[in-house]
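# Topology and contacts: notes
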Amino acid sequence: MPAIVGAIKVVSVGTGSIVHIGDAVFLSPSSTSKTFAGAGSFNTGDFPLTNNAVSATNTYDADLVDSSVSKVGTVA
């Protein structure tokens, strides 16, 4: 179904990003990554306040492959 999109602001787009405005049948990223973050990470806002007495992030991962990217059907 068509959508009416008002004003948008795109600050930055990375090489593995997808910007989607409107209708689409298939979206596929061109890269993947893994991020580890502890308590208080990824805070947004003007004045974030976090109180973390003790924080530890478990980064052990026994999987060999978590996410794969296939180049089949991509348009260059």
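The paragraphs below set out a description of the structure included in this document. Quick caveat, the model's predicted, so the values are computed rather than measured.

Moving on to the overall build of the chain. Along the chain, the regular secondary structure elements total zero helices and zero strands. Split into buried and exposed, the 76 residues of the chain put 0% on the buried side. Sequence separation of 24 or more characterises 24% of the internal contacts of the chain that already satisfy a separation of 6 or more. Only carbon and sulfur atoms are counted for the fraction: they give 55% of the accessible area of the chain, which is about 7300 Å².

Moving on, we get to a nonpolar patch on the surface. Among the surface-exposed residues, Val 5, Ile 8, Val 10, Val 13, Val 19 and Ile 21 lie close enough to one another that they form a single nonpolar patch of about 510 Å² accessible area. Accessibility expressed as a relative area gives 48% for Val 19, which makes it partly exposed.

With that settled, the discussion passes to unusual backbone geometry. Phi angles above zero are rare outside glycine, and Phe 42 is one such case at about 60°. Judged by its relative accessible area of 66%, Phe 42 falls in the exposed class.

Parameters at a glance
- Residues numbered from 1 in each chain as written.
- Predicted model: local features only at pLDDT ≥ 70, side-chain atom pairs only at ≥ 80, totals over all residues.
- Heavy atoms only, no water.
- Helix = DSSP H or I, 4+ residues; strand = E, 2+ residues; numbered from the N terminus.
- Buried < 20%, exposed > 50% of the residue type's maximum accessible area, 1.4 Å probe, protein only.
- Contact = heavy atoms within 4.5 Å.
- Areas by Shrake-Rupley, 256 points an atom, 1.4 Å probe, with all protein chains shown as cover.
- Patch = residues over 30% accessible without salt bridge, like charges linked within 9 Å, V, L, I, M, F, W, Y side chains within 5 Å.
- Salt bridge = Lys/Arg side-chain N within 4 Å of Asp/Glu carboxyl O.

By themselves, these figures tell us nothing about what the structure is for.
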